[in-house]
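Listed here are the chains, written in short residue letters.
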Amino acid sequence: MSLFQLIRLVLAGLAALALFLLLLRKKLKQRTAIILAVAVFAAADVLLCNTPLENAVYTFPTPKAAADYVGFGDVTDVVEGEESALFLTGGSGQYQLRVFPKAADGWKLCGENGTDIKGFFSGEDTAIQLVQMKNSTEYYVVVICTGGNAEVTDSYGSVFRTLQEGDGVTSDSIYLAYVPGYDAQYVLTVNGETISLG
């Protein structure tokens, strides 16, 4: 369990305990008090997991430090945008991704729902995700090709990084790019096939 999760469990537990004790003092039935306290615990935990309170007092010096703090795992790759970066963890087809906001001197946290999948395409040998940092104009594209290496370009001339070159049998090829100014006219070309995510 990460420190991020532990802090939220403790704070949610304290809120639930305080409510439980308050309800008992008001002579509410114990069973009703327990049910209300459990509901408050669950709601507080969800709210706190999506509210990075630490951003007000701390900036993480490296992507690894930010990812470790939230229990995101070892950072495999970082694709930087202007105000954020896409962090990837894992390997061998078990990748996870999350967008973290940048600060002038390091990295901030985003809540657990701070990364939105805004578009998705699934073809015969290609899967594409359009990822956005919530409440921002920062977009990233992740292209996974199961048929080996691919030629990937887009209508914005984005620079695609190769995270993994697959052999088409035991591993996939994965390409990543930051897409500034994404709009509905954006298209990708993968091995000559034009794909719209809008």
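Asks: What should I look at first to understand the overall build of the protein chain in this one?
Replies: Each helix and strand in the protein chain was counted, giving 3 helices and 12 strands. Since a compact globule built from 198 residues should have a radius of gyration of about 16 Å, the 21 Å found for the protein chain marks it as more spread out than a globular shape. Principal-axis analysis of the C-alpha atoms gives the protein chain an extent of 70 × 40 × 35 Å. For the protein chain, the proportion of its 198 residues judged to be buried stands at 41%. Within the protein chain, counting contacts between residues at least 6 apart in sequence, those at least 24 apart form 50% of the total. For the protein chain, the exposed area adds up to about 10700 Å²; of that, 56% sits on carbon and sulfur atoms.

Asks: How should the environment of Met-1 be read in this particular structure?
Replies: Residue position: Met-1 is located in the segment before helix H1 (3-25). The spatial distance from the C-alpha of Met-1 to the C-alpha of Gly-71 is 6.9 Å, given a sequence separation of 70 residues. Excluding its chain neighbours within four sequence positions, the residues that come into contact with Met-1 are Leu-6 and Leu-9.

Asks: Teacher, can you tell me more about the sheet that holds strand E5 (residues 115-122) here?
Replies: Through backbone hydrogen bonds, the strands of a sheet pair up, either in parallel or in antiparallel fashion. Spatially, the 5 strands line up as an open sheet ordered E5-E6-E7-E10-E9, and their pairing is antiparallel. The sheet terminates laterally at E5 and strand E9 (161-164), the two strands that pair on one side only. Sheet twist, expressed as the average angle between the axes of neighbouring strands with direction ignored, equals 20 degrees. Strand direction decides the pairing type here: E5 and strand E6 (residues 126-133), joined by 7 bridges, are antiparallel. Note that in E6 the partner of Thr-115 across the bridge is Met-133.

Asks: Explanation requested: the packing of H1 against helix H2 (residues 30-49) in the structure shown.
Replies: Helix packing geometry: the angle between the two helix axes and the distance between the axes. In the contact formed by H1 and H2, the axes pass within 8 Å of each other and the chain directions differ by 150 degrees. Considering the angle they form, H1 stands roughly antiparallel to H2. Note that H1 runs across H2; the crossing there is right-handed. Along the contact surface, H1 presents Phe-4, Arg-8, Leu-9, Leu-11, Ala-12, Gly-13, Ala-15, Ala-16, Leu-19, Phe-20, Leu-23 and Leu-24, while H2 presents Gln-30, Ala-33, Ile-34, Leu-36, Ala-37, Val-40, Phe-41, Ala-44, Asp-45, Leu-48 and Cys-49. In terms of residue class, the contact of H1 with H2 is built from 19 nonpolar, 2 polar and 2 charged.

What counts, and at which threshold
- Residues numbered from 1 in each chain as written.
- Predicted model: local features only at pLDDT ≥ 70, side-chain atom pairs only at ≥ 80, totals over all residues.
- Heavy atoms only, no water.
- Helix = DSSP H or I, 4+ residues; strand = E, 2+ residues; numbered from the N terminus.
- Rg over C-alpha atoms; globule rule 2.2 N^0.38 Å.
- Buried < 20%, exposed > 50% of the residue type's maximum accessible area, 1.4 Å probe, protein only.
- Contact = heavy atoms within 4.5 Å.
- Areas by Shrake-Rupley, 256 points an atom, 1.4 Å probe, with all protein chains shown as cover.
- Pairing = 2+ DSSP bridges.
- Axes fitted to C-alpha atoms, helices over the stretch in contact; angles between N-to-C directions.
- Parallel < 35°, antiparallel > 145°, perpendicular 65-115°, else oblique.
- Left-handed = near helix turned anticlockwise from the far one by under 90°.
- Nonpolar A, V, L, I, M, F, W, Y, C, P; charged D, E, K, R; others polar.

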